Amino acid sequence: MNMYDDYNKYIIENEELLNYLKESNSSVMYCLSDVLEVLDYIYKKYIDEAKIEAELEEIFEIGFGYLSNCLIDINTYYKDYFKKDIILFNKYSTYIVYSIMLDDVKGYLLSEELMNEQREEELNMAAKLIEDTLINVSEISSSVIQKVEESIENVLPKKNTYRPVYSVFALIRDELGIF
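Before going into details, it helps to say that this report is about the structure given with it. (Residues numbered from 1 in each chain as written. Predicted model: local features only at pLDDT ≥ 70, side-chain atom pairs only at ≥ 80, totals over all residues. Heavy atoms only, no water.)

### Notes on the side chain of R173
Thought 1: Here R173 is to be found in helix α9 (residues 165-176).
Thought 2: With a relative accessible area of 17%, R173 lands in the buried category. (Helix = DSSP H or I, 4+ residues; strand = E, 2+ residues; numbered from the N terminus. Buried < 20%, exposed > 50% of the residue type's maximum accessible area, 1.4 Å probe, protein only.)

### What about helix α7 (residues 117-136)?
Think of an α-helix as 3.6 residues a turn; residues three or four steps apart then line up on the same face.
Thought 1: The terminal C-alpha atoms of α7, which comprises 20 residues, lie 28 Å apart, in line with the 28 Å expected from a rise of 1.5 Å per residue.
Thought 2: If you check which residues of α7 are buried, you get R119, E122, L123, A126, I130, T133 and L134. Down the axis of α7, the buried side of the element spans an arc of 110°, and every buried residue falls inside it. Of the residues in α7, the exposed ones pointing more than 90 degrees away from the buried face are E117, Q118, M125 and N136.
Thought 3: Where α7 begins, one side-chain oxygen reaches toward the backbone nitrogen of Q118, 3.1 Å away; that side chain belongs to N116. (Expected span 1.5 Å × (residues − 1). Arc of directions from axis to C-beta. Polar contact = N/O pair within 3.5 Å; in protein donor to acceptor, adjacent residues only side chain to side chain.)

### Here we look at the nonpolar core
Thought 1: In this structure, Y7, L32, L67, I74, F89, I96 and L134 are the most contacted members of the largest nonpolar core, which totals 61 residues.
Thought 2: The element contributing the most residues to this core is helix α4 (residues 54-81), with 12 residues. (Core = buried A, V, L, I, M, F, W, Y, C linked by side-chain atoms within 4.5 Å.)

### Overview of the environment of N90
Thought 1: Tracing the sequence through the fold places N90 in helix α5 (residues 86-91).
Thought 2: Once the C-alpha coordinates of N90 and N25 are considered, the two residues, 65 residues apart in sequence, prove to be 8.7 Å apart.
Thought 3: Setting aside residues up to four positions removed in sequence, N90 forms contacts with S24 and S26. (Contact = heavy atoms within 4.5 Å.)

### So, the layout of surface pockets
Over the atoms rolls a probe the size of a water molecule, and its path tells where empty space is left.
Thought 1: One number sums up the size of the largest pocket: a volume of about 240 Å³.
Thought 2: Lining the largest pocket are 13 residues; nearest its centre among them are G65, Y66, N69, D103 and D104.
Thought 3: Those elements that provide at least two residues to the lining of the largest pocket are α4 and α6 (93-111).
Thought 4: A per-element tally of the lining of the largest pocket places α4 first, with 7 residues.
Thought 5: Looking at the second largest pocket, its volume works out to about 200 Å³.
Thought 6: Forming the walls of the second largest pocket are E58, I59, I62, D104, Y108, T161, Y162, R163, V165, V168, F169 and I172.
Thought 7: Counting residues per element, the ones that place at least two in the lining of the second largest pocket are α4, α6 and α9.
Thought 8: Classifying every residue of the lining of the second largest pocket gives 8 nonpolar, 1 polar and 3 charged. (1 Å grid on protein atoms, 1.4 Å probe; cavity = no way out; pocket = protein on both sides within 12 Å on 5 of 7 lines; lining within 4 Å. Points joined across faces, edges and corners; volume = space filled by probe spheres on them. Nonpolar A, V, L, I, M, F, W, Y, C, P; charged D, E, K, R; others polar.)

### A word on the packing of aromatic side chains
Thought 1: Under the criterion given, the structure shown has 16 aromatic pairs.
Thought 2: Measuring from centroid to centroid gives 4.7 Å for Y4 and Y46, while their planes differ by 20°, and the two rings are stacked. With Y4 in helix α1 (residues 3-13) and Y46 in helix α3 (residues 29-47), this residue pair connects regions lying 42 residues apart in the sequence.
Thought 3: By relative accessible area, which is 6% here, Y4 ends up buried.
Thought 4: Measuring from ring centre to ring centre gives 6.0 Å for Y20 and Y78, while their planes differ by 50°; the resulting arrangement is tilted. With Y20 in helix α2 (residues 15-23) and Y78 in helix α4, this residue pair connects regions lying 58 residues apart in the sequence.
Thought 5: Overall, Y20 belongs to the partly exposed group, its relative accessible area being 31%.
Thought 6: The class of Y78 is buried, set by a relative accessible area of 5%.
Thought 7: Here the aromatic cluster, defined as three or more aromatic residues joined through ring pairs, consists of Y4, Y7, Y10, Y43, Y46, F60 and F64. (Phe/Tyr/Trp six-rings, centres within 6.5 Å; stacked < 30°, edge-to-face > 60°.)

Next up, the structure:
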């Protein structure tokens, strides 16, 4: 199998959850929709046996990695934490979006070789706040979100090139003319 076939298989495996997220207008889709659109666009080129440029292959590989990492966590939250209750899942979707963002920031810092012990500890503390709330289905608190936002701000260097993966894919989608 190749990454395109793996992608198709992965989408089929996660189709039910993705449909629930779309149908319920889950805010989690904010992190996924542009990535999915770009991946589907490239996958369709593959199916049509069109030549896929190296740049699009790299975009596909990055997007598929991001998507699969997100869906692993989202599936855990949906199935294990919220017992397949999409209404309860969506009630906590802001926390899930922040969890995805924390992973994204961590990936950026690692790829740019900017991660250090202090930054990692700060990100882990923020992730633990979110995880504890989700795992215990605790009361939603704006102070948790505020602490997570502060953590993200604290770990990013003052001058940085960080852009969340989902926003980069929104730009790619526009550049490819996918609407």
